[in-house]
Amino acid sequence: MNNRNKGKAKYSLAWLCVLLFVILTYCTRGLNIKHGNFHISLTVSALDTPPVKRPVLTDTTGVRLLPDGSIAPAVTIKPATDSLNKAGDTSLTVNVSTDTIIKNKVDSFPFRISKDTLEGPVVYHADDSMVLDVPTKKMYLYGKVSSVKYTNNELTAPEIVYDQQTGLVSAHLKRDSTGKVISFVSYNQGEGFKSVMDSMVLNMKTLKGITKGTYTQQGEIYVQAEKLKKESKDVFYAYRSKFTTCNLDTPHFAFVSNKIKFINQKMAFSGPVHPEFEGVPVPIVLPFGIYPLTQGRHSGLLAPTFTASDQYGIALQNLGYYKVISPNWDIITRGTIYSYGGWAVNFNPRYYKRYHYQGNLSLDIQKFKPLDQPSSRTVFLRWSHSMDTKARPGVTFTANVSAGSSKYNSQVPTNSQLNYTNQLQSSITYQKVWKDKPYSITAAANHNQNTGTGLINLNIPDVAFSVQTLYPFRRKSDVVEYKWYENIGVGLNTTTKSLSYFYDTAKNISQQLKDNFQWGARHSVPITLSLPPMGVFQVSPGISYSETWYMEKLRQKWNPYTYKLDTTAEKGFYTAREMSFSLGASTRIFGMYTFKKNAKVQAIRHEIRPSLSVSYKPDLAKDSYFKERSNFAGDSTYYSYYSRSIYGTYSRGEFGGLSFSLDNNISMKVRNRKDTSNGGMKKITLIDGLRLDGSYNFLADSFKLSPLSLSARSNLFDKISITASATLDPYLRNDTGRVVDKLIWSKTPLSLGKISSGNISIQSSFKGGDKSKQTDSQLSNESILQQNALNTGMALNEYEQEAAYIRNNPGEFVDFSIPWTIDFGYSLRFSRIYRYRSNHSNISISHDANFNASVNLSPKWKLGVNGSYNFTSRSLEMVTMYLSREMHCWQMTINISRSDAARYFTINISPKSAMLRDLKVNRTRYFIGN
């Protein structure tokens, strides 16, 4: 072809390219496809993509015609947000105004996967060496720690063989020349299944395999099997297997069965099973066994215990059922049957919602029929509820209810602590604090009960409304320093109470509640002034106003015929009020006496904290008192109209005087050669506090000086805690024993007064052993349980049951790491009682002691005793002795308890595992009386 023809061909080809470009540009505008993605549309393979029928495009009027000539709604075709999806395909989205959607079509590249391909890569490692046999497609791994990992499965062994053709992995243990095992085979499947074995063959794809000499753990159960067949991810079978809670290679006890099926961390099923101890089989065979392995809550039976009592007979105690109702609710039902005809039932529903609330309710009903005595039915109710502070900020609701029949505690068998409890209390409280507001409100219902007298007091409800201190004279703008008057604060405290009581031993309880109902209210308005320190003194002035509302007024009249006061009550609305002014000052005085530098005692430091308050109280309550004859001699006494009210009455008379207190603290510094920190010095407190309190009324016509109060406290050597207090009478008495207005130091200058009452309490605790090795686990079991009850949601009645179990069976909760312990407590209370018409007096003394001691007779035997003794009544209130034997995974305890009311003994042999706690040999006998 000549040059001219070549030029024409190039010219025609150029025009053809321009024409194609114009056509394609027009088409892309109609399809709304960007030029940047045009080449992607051309590169998409359409071989495996079914053709999509393209809808008819709309014209400029928005109307489109279907192939049959009908008019259809407008259709807009636009590309998807990503013109190339993850598979490398173009997607078109068709939006139709009739809500008809054509789904995206996803294309895929055609390729085939082999049927025997694994789900993931196989990662292998060898410490020593690796041998690859190419013709047989086998891999040999050698080394003390050789491993093969596939997904979440890991096999570790000293010798591993991997067959790529069959997907089988074989592993064996290795021994040295003396026959000692160098390394075992271990297999881990995620977090659910871990095992150690002698050998293993595993299919990496199906995860089926067979092991020999296998040792694995399911929850608290340790499983040993001669052979173990792994059927699937969660199911395996054990042949000639032992399962136990003892973690030794040769367990002290085990349950033996030839065939066991395990569902990983869920359930186990066995054929005929028998126990063995120290390898010796016990001739007790069960035909089959079902063993729950699931962690957490699940419904099921609660095993009973057998007890015996000479008063109630033989008992099947605490047979029950635990039912999970929902994720937030469950219930425990227990029952006890006695051979003499008695029975007891307990219903205990519990609830818990995380970050909201938790609580439980317990209802006990018991009916006993002792020998030669009439039967009696008693009821007891417990309810505890607590609310998470994050559920509703500013709102709290708590409940702690413990109420029931007065005879309930005394009839509960094998619980001496509860038998001696005669005071019951309950409280239900709701409190709300408004956000960014200075006020709050509290509503409470309270109950207290004396089971000895049968008296039950109810406070329903008590409401308290308070306003925090407000500063009405302060400027709203922020200032560096306030004026003195801007620190004047005013507050408000208002409380209302209602009270009624009844005796549960009497009839017509509703009428008793109505007749004994009382109510009252009190309003207090404190006015304070915060002043900066004035040199070494802190001065605090204040004004207080209080008003009380009463519902009745009492009138008392001396009856000359019966020689006593007759009382009448007048219902109505009555008020009384009180106001006081005060100015207080306090400071601190320090003194130190130093010794020589080489002396063991370096210094003694004395701190004095005096405080003085001047106050004035007008006699606003004088109309609340009346004077009436009080005895045969014709003496008269002032009585208050409101002495029987809830809030009591205000003090009579005008007061203008001083109130004073003097507190002391004495400590010393000594050299500490064992600890060089703090300059090798150690601070020892000799007296934590020695305090004297009193007041003097300048406006009183007689007896201006009040009785003095003296108290002291100390913790000697951080071992012995001592507290003491006494009340001193500063006035003399005449020959008839009556107090005269003459101070006692007029005759005895060095005396502060005659002691009228006082008390002394001493507590100490000693224990042996290495203190550095003793951790918080040596805390008392009851304190740990109580902390769990408050912080972790443990049911209150469950805590009480566990605490009672610990008290009755202390031998099961001993710590053998402490060789000996001694805890001792002593309390003494005394008061002076003057004889009638005599200056002579008698001293009434009551004192008692409690003790707790234990000693290790050997590394495996512990002997302990605890109890209390009342020196006044010369009675041994309760003594418990225990003997405990440590047996690794088992424990044996013997408990003997005795009191003046009852005595009992318990012999218990049981595993330590909580799962097998009810699998025990128990013998309990209970006797009433001495």
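## Here we look at the overall build of the protein chain
- Helix and strand content of the protein chain: seven helices and 56 strands.
- The 930 residues of the protein chain split such that 32% are buried.
- When contacts within the protein chain are restricted to residue pairs at least 6 apart in sequence, long-range pairs at least 24 apart make up 48% of them.
- Per element, the accessible surface of the protein chain, about 56900 Å² overall, is 59% carbon and sulfur.

## Looking at the pattern of salt bridges
- Inspection of the entire model under this criterion finds 20 salt bridges.
- Arg609 is paired through a salt bridge with Glu607; the nearest N and O atoms lie 3.2 Å apart.
- Under the relative-accessibility criterion, Arg609 is labelled partly exposed at 26%.
- The closest approach of N and O atoms between Arg609 and Asp663, which form a salt bridge, is 3.1 Å. Linking Arg609 in strand E40 (residues 601-617) with Asp663 in strand E43 (residues 655-671), this pair joins segments that are 54 residues apart in sequence.
- The exposure class of Asp663 is buried, given its relative accessible area of 7%.
- Bridged by salt links that share partners, the residues Arg588, Arg605, Glu607, Arg609 and Asp663 form one connected network.

## A short note on the nonpolar core
- Within the largest apolar cluster, 37 residues are counted, with the highest numbers of intra-cluster contacts made by Tyr187, Phe243 and Phe262.
- Core analysis: the next-biggest nonpolar cluster, separate from the first, contains nine residues, Tyr550, Phe626, Tyr641 and Tyr642 among them.

## Description of the confidence of the model for the protein chain
- For the protein chain, the average pLDDT comes to 79, and 79% of its residues sit at 70 or higher.
- For the stretch residues 775-799, pLDDT sits under 50, and the model shows 36 contacts to residues farther than four places along the chain or on other chains.

## So, unusual backbone geometry
- Omega for the peptide link from Ile460 to Pro461 comes to -20°, which places this bond in the cis form.
- The residue Pro461 is located in strand E34 (residues 455-470) in this model.
- The phi torsion at Arg240 lies on the positive side, around 50°, for a residue other than glycine.
- Tracing the chain through its elements places Arg240 in strand E18 (residues 235-244).
- One non-glycine residue, Phe703, adopts positive backbone phi at about 50°.

## With respect to the side chain of Asp462
- Among the secondary structure elements, Asp462 is positioned in strand E34.
- Of the side chains with opposite charge, Lys497 lies nearest to the buried Asp462, which makes no salt bridge, at 5.3 Å.
- In terms of polar contacts, Asp462 uses its side chain to reach the side chain of Asn446, at 3.4 Å.

## Description of the packing of aromatic side chains
- With the rule as written, the count across this model stands at 29 aromatic pairs.
- Arranged with centres 5.0 Å apart and planes meeting at 80°, the rings of Phe703 and Tyr731 form a pair that is edge-to-face. Pair noted here: Phe703 is in the loop between strand E44 (681-697) and strand E45 (708-716) and Tyr731 is in strand E47 (residues 731-733), with a separation of 28 residues, a long-range link.
- For Tyr731, a relative accessible area of 8% puts it in the buried group.

## Focus on a nonpolar patch on the surface
- A cluster of nonpolar residues, Phe766, Trp820, Ile822, Val855, Leu857, Leu863, Met881 and Ile896, forms a patch on the protein surface that exposes about 690 Å² of accessible area.
- For the nonpolar patch, the elements supplying multiple residues, two or more each, are strand E50 (820-834) and strand E51 (841-858).
- Residue placement: Leu857 occurs in strand E51.

## Remarks on the environment of Lys557
- Along the chain, the position of Lys557 falls in strand E37 (residues 538-559).
- We classify Lys557 as exposed; its relative accessible area is 54%.
- When the C-alpha positions of Lys557 and Arg629 are compared, they lie 7.9 Å apart, and in sequence the two are 72 residues distant.
- Residues in contact with Lys557, not counting those within four places in the same chain, are Lys564, Leu565, Asp566 and Glu628.

## What about the side chain of Glu628?
- The topology assignment puts Glu628 in strand E41 (residues 625-629).
- No salt bridge is formed by the buried Glu628; the nearest opposite charge belongs to Lys557, separated by 4.3 Å.
- A polar atom in the side chain of Glu628 sits 3.3 Å from the backbone nitrogen of Trp558.

## Quick look at the pairing of strand E9 (residues 153-163)
- Summarising burial for E9: eight of the 11 residues are buried, a large majority.
- Of the pairings in the sheet, the one linking strand E8 (residues 138-150) to E9 comprises 10 bridges and is antiparallel in character. By the bridge assignment for E9, Tyr150 is matched with Asn153.
- Connecting E8 to the next strand, E9, in antiparallel fashion are two residues, including Thr151 with a positive phi near 50°.
- Bridge analysis of E9 against strand E13 (residues 185-189) gives four bridges, and the strand direction is antiparallel. Residue pairing across strands places Asn153 opposite Gln189, the latter belonging to E13.

## Observations regarding the environment of Arg629
- When you line up the elements, Arg629 lands in strand E41.
- Along the chain, Arg629 and Lys564 lie 65 residues apart, while their C-alpha atoms are 9.3 Å from each other.
- Residues contacting Arg629, with those up to four places away along its chain left out, are Trp558, Leu565, Gly634, Asp635, Ser636 and Tyr639.

## Regarding the pairing of E51
- Strand direction decides the pairing type here: E50 and E51, joined by 15 bridges, are antiparallel. Among the inter-strand pairings, Leu828 is bridged to a residue of E51, identified as His847.
- Of the strand pairs in this sheet, E51 and strand E52 (residues 861-870) are connected by 10 bridges, and their pairing is antiparallel. When the bridges of E52 are listed, Ala849 appears paired with Tyr869.
- What sits between E51 and E52 in their antiparallel hairpin is a turn of two residues.

## Digging into the environment of Leu286
- Considering the arrangement of structural elements, one finds Leu286 in the loop between strand E22 (280-281) and strand E23 (289-292).
- Distance in space between the C-alpha atoms of Leu286 and His274 is 6.4 Å, their sequence separation being 12 residues.
- Ignoring anything within four residues of it in the chain, the contact list for Leu286 reads Gly271, Pro272 and Val273.

## A closer look at the state of the cysteines
- Evaluated as defined, the whole model comprises zero disulfides.
- Unpaired in terms of disulfides, Cys246 finds its nearest cysteine sulfur in Cys889, a separation of 3.6 Å.

Rules used in this analysis
- Within each chain, residue numbers correspond to sequence positions counted from 1 in written order.
- Totals for whole chains, interfaces and linings use every residue, but because this is a predicted model, local features are given only for residues with pLDDT of at least 70 and side-chain atom pairs only at 80 or more, for both listing and counting.
- Hydrogen atoms and water are omitted, and side-chain values are computed over all heavy atoms in the structure.
- Helix and strand labels come from DSSP, where a helix needs a run of H or I of at least four residues and a strand needs a run of E of at least two; each type is numbered from the N terminus.
- Accessibility here uses a 1.4 Å probe with only protein chains present; expressed as a share of the type maximum, an area under 20% marks a residue as buried, one over 50% as exposed, and anything in between as partly exposed.
- Here, residues are in contact when the closest pair of their heavy atoms is within 4.5 Å.
- Every accessible area reported is derived by Shrake-Rupley at a probe size of 1.4 Å, with residue values counting cover from the shown protein chains alone.
- We count a salt bridge whenever a side-chain nitrogen from Lys or Arg sits within 4 Å of a carboxyl oxygen from Asp or Glu.
- Here, the term nonpolar core denotes a set of buried Ala, Val, Leu, Ile, Met, Phe, Trp, Tyr and Cys residues that are joined through side-chain atoms within 4.5 Å.
- Residue-level confidence of the predictor is what pLDDT reports, using numbers from 0 through 100.
- In this tally, Asp and Glu contribute negative charge and Lys and Arg positive charge; neither His nor the terminal groups of the chain are included.
- Nitrogen and oxygen atoms within 3.5 Å of one another constitute a polar contact, given that in protein one can donate a hydrogen and the other can accept it, and given that sequence-neighbouring residues count only through two side-chain atoms.
- Here is the rule: rings of Phe, Tyr and Trp (six-membered ring for Trp) pair when centre to centre is within 6.5 Å. Planes less than 30 degrees apart are stacked, more than 60 are edge-to-face, and the remainder are tilted.
- Patch membership is restricted to residues that have no salt bridge and whose relative accessible area is over 30%. Joining uses 9 Å for like charges and 5 Å for the nonpolar side chains Val, Leu, Ile, Met, Phe, Trp and Tyr.
- Should DSSP find at least two bridges between two strands, the strands are regarded as paired.
- Throughout, disulfides are identified as pairs of cysteine sulfur atoms within 2.5 Å of each other.

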